[in-house]
Each structure stands twice: as C-alpha cells, then as structure tokens.
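Observations on the model geometry
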Amino acid sequence: MAAGGSLSRSERKAAARAEILRQEEQRDRRRQVSRIWRKPPAERSPEECQALSESEDIVRDLERRRKRRERLRRRQEEVCDEPEELKRKVTELAAAVRNAKHLVIYTGAGISTAASIPDYRGPNGIWTLLQKGRSIRAPDLSEAEPTLTHMSIACLHKHNLVCTSCTPNREYVRVFDVTERTALHRHHTGRMCHKCGAQLRDTIVHFGEKGTLRQPLNWEAATEAASKADVILCLGSSLKVLKKYPRLWCMSKPPTRRPKLYIVNLQWTPKDDLAALKLHGRCDDVMRLLMAELGLEIPLYDRARDPIFSLAEPLRPGEETTHSRKPVAPPPGAEPPREEEEEEEKKKEEAPARPGGWLGRGCAKGTRRRKSN
C-alpha cells in the first residue's frame, strides 16, 4: 500500500477485478436460484431445495417481482359484469344522474373504440401494442362517426341534464385533424387568425402535458366545473393521467363533501377504491341502459345533417398546403341543414340550462372534430 493509506495503481486494478468477479458470481447465483425457483416444488432435488434455503434474499425478491407482475396482469384484464348485475348498477347510476345538481363527465379513449378507433391501454391499445413491440395501424379518422356514447352525451346536453361552458374566445372549426403539425408544448397549427393574424393553436392536451394554461386548455373552466360537481361520471378513461389532477376530484375537500364518483371501464383504474360505484361494461352498453332508465331516446347520427359542415371555417387561399390529412366530408348529394333547423338548434344551445349540469372536457382520444382557436 502506498504511503498515506491510499491504494497504489495495481491495488486499485486488483480491487476492481475482484468487484467484477463478485458481481458475476452474484448474477450466476441469481440465475441458478431463479431456474430452480421456477420449477414445481415436487420436481426439485434435495440439493436444489438446499440452494433455495441458502438464498432466501433472492427468493424473496423473485416472489416480490412475481406478485407485482401478477398484479399488473390482473389490472390489464378486461372484466365484464353479468347482464343482471350491470343492469342493477345502471339503475343506481340513473338515480344519481337524475338527482345530480352539478354533473361532470370525464371521457377517455374508451368511448371511441366502438368507432374502430383504438384506445391507449386496453388489450389492443396503442401503448399496449407498442410495449409488446408490435406495430399499430393508424385509423382513418375521417371515416369515423360518433358512437352511441357520444350521441347519448349529446342527448343529455339537449335535455339540459348536462351543459357546456368551456368556449374559447375565438374558435375555428375545421373538417380535418389540426394536430398534424402540433406536438408536446407546440400548439401552433401553422395557420393564422383571419381577424388579427395571430397564430392559431390547437385545443387539446398533448400527451405529457399538464393543463395549466388558461387557453387553449380551458383549465380554469374545467376546475371550476369540478369544484361545483356533486356527481362525476367517468366513461372509458383509465384515469392514469387524470388522477394527477387533484383539483378535478376536489381532493382539497373533506371526503364527505367530495363529489360521488361513478366509473365505467372494463379495466382497473387507480380511482376504483374511491368510487361510489364501478361498472364493468362497455361504454355503449352502459349508456344504452342508462338512457333507457332515464326515458331518453338516443338520436341516430346522420352525417348529412352534421352541423360541422356549416360551422367549419374554410381555408384561405395559400393555406391549402398546411395540412395533408384527409378531411371529413358529407355523403354525396347531401344537402346542408335548413336555415330554420339551424336556427332551432341555435336556440336550444343558447337556452339556459337548469342550475348545475356540466360537461367536463376529458382527454378523449379520437374525436374526429378537431378544433383550433
């Protein structure tokens, strides 16, 4: 050893080699123990049983990892309530909707799977397939149409059981996906406001963002709606992102004063233990039963009468090259809604809703009507 207690260069190299050998021996030991541990107990030899008893630390770690994998696997499984059980739960949900003073609905990608638009974390979801190393097929959103769940929410709005109050100051509706050139923390669409010339921004929360801006995320209006809610209905959302927003769940309030939570999802969510009721069913199936309980007829979607074609703002000269994604188009020969029908719909939209009733904007994936403000 060198003077002063410090190691010489050769001693340091010897110590490094010894550490490498020790780590290799530990890896070999772990592989051997793991191989024995995976065997059925009846097939283990006395020597192998002895090896396990001498490696309790490794066995405990293997057991802990196995339980974690099993827990994650169970959480990814889709569970369906029996028809009678689901009907009973929907009856309870219907009573909550009828009696709600302020109803908030959080929607997720699960409300669009019936339109052949994949969700994120389901068995065939985008993130699930990517984690398995499998390719994903990008759906043609221009061919998708609102699902029964979408139309049911629209019907609740029409009957003043839910209303919206998150309207940007100036909004441009397009018949194509405006997010082609936007991304995380980059909301500009590449087009300009016709009035002031400012850059237009999309109105969605990109994956990885947190809603802290007043516009275009409408965060203040969403949290205000949540603060007034006495009932929250979550449709088709894993809630793994929304759980990080305590203001959406009124977590600052005492538990007895928080809104009652109702969750519709086939899979586990991190809010299940806090829910007044968890309905294991597909969104369309639950909403069909719910609307029947409420005595409301679900309107059929008619693309020929879709108001988006009269509301959409056409591109100005020179903007045709700012997007390449296929636009939504009316069916051939379709006539635009008659003026008196448009006026009637406008009156319904402007009519004051009964006190309460809010439609909270969730992070629903796959909405075919992208907006830019």
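Below is a short write-up of the structure. (Residues numbered from 1 in each chain as written. Predicted model: local features only at pLDDT ≥ 70, side-chain atom pairs only at ≥ 80, totals over all residues. Heavy atoms only, no water.)

Some thoughts on the pattern of salt bridges
- Evaluated as defined, the whole model comprises 23 salt bridges.
- Glu48 is paired through a salt bridge with Arg35; the nearest N and O atoms lie 3.9 Å apart. Of this pair, Glu48 sits in helix H2 (residues 46-53) while Arg35 is found in helix H1 (residues 9-37), placing the two residues 13 residues apart along the sequence.
- Residue Arg35 is classed as partly exposed on the basis of its relative accessible area of 40%. (Salt bridge = Lys/Arg side-chain N within 4 Å of Asp/Glu carboxyl O. Helix = DSSP H or I, 4+ residues; strand = E, 2+ residues; numbered from the N terminus. Buried < 20%, exposed > 50% of the residue type's maximum accessible area, 1.4 Å probe, protein only.)

Description of a positive patch on the surface
- On the surface, Arg68, Arg71, Arg75, Lys240, Lys243 and Lys244 cluster together into a positively charged patch.
- Examined against the element boundaries, Arg71 turns out to sit in helix H3 (residues 56-76). (Patch = residues over 30% accessible without salt bridge, like charges linked within 9 Å, V, L, I, M, F, W, Y side chains within 5 Å. Areas by Shrake-Rupley, 256 points an atom, 1.4 Å probe, with all protein chains shown as cover. Lys, Arg positive; Asp, Glu negative; His and termini not counted. Charge placed at Lys NZ, Arg CZ, Asp CG, Glu CD.)

Describing the packing of aromatic side chains
- Under the defined criterion, the tally for this structure stands at one aromatic pair.
- Considering the side-chain rings of Tyr106 and Trp249, the 5.3 Å spacing of their centres and the 85 degrees angle between planes classify their relative orientation as edge-to-face. Within this pair, whereas Tyr106 is found in strand E1 (residues 103-107), its partner Trp249 is found in the loop between strand E5 (231-235) and strand E6 (260-264), the two being separated by 143 residues in sequence. In this pair, the class of Tyr106 matches that of Trp249, namely buried.
- Taking NZ or CZ as reference, Arg75 lies 3.7 Å from the ring centre of Trp268, over its face. (Phe/Tyr/Trp six-rings, centres within 6.5 Å; stacked < 30°, edge-to-face > 60°. Lys NZ or Arg CZ within 6 Å of the ring centre and 35° of its normal.)

Overview of the side chain of Ser152
- Within the secondary structure, Ser152 is located in helix H6 (residues 148-158).
- A polar contact is formed between the side chain of Ser152 and the backbone oxygen of Leu148, at a distance of 2.8 Å.
- Once you skip the residues sitting within four places of it in the chain, Ser152 turns out to touch Met287, Met291 and Ile298. (Polar contact = N/O pair within 3.5 Å; in protein donor to acceptor, adjacent residues only side chain to side chain. Contact = heavy atoms within 4.5 Å.)

Side note on H2
- Restricting attention to buried positions, one finds in H2 the residues Glu48, Ala51 and Leu52. What you see down the axis of H2 is that its buried residues fit within an arc of 100 degrees, all on one side. Residues Pro46 and Glu47 are exposed on H2 and point more than 90 degrees away from its buried face.
- In this structure, the buried side of H2 is in contact with H1 and H3. (Arc of directions from axis to C-beta.)

Brief notes about the pairing of E5
- A large share of E5 lies buried, amounting to five of its five residues.
- Judged by which residues are buried, E5 turns out to be covered on both faces: Val231, Leu233 and Leu235 on one side and Ile232 and Cys234 on the other are all buried.
- Here E1 runs beside E5; their pairing, made up of five bridges, is parallel. Residue pairing across strands places Ile105 opposite Leu233, the latter belonging to E5.
- The sheet contact formed by E5 and E6 spans five bridges and is parallel. Within the sheet, the bridge partner assigned to Ile232 lies in E6 and is Leu261. (Pairing = 2+ DSSP bridges.)

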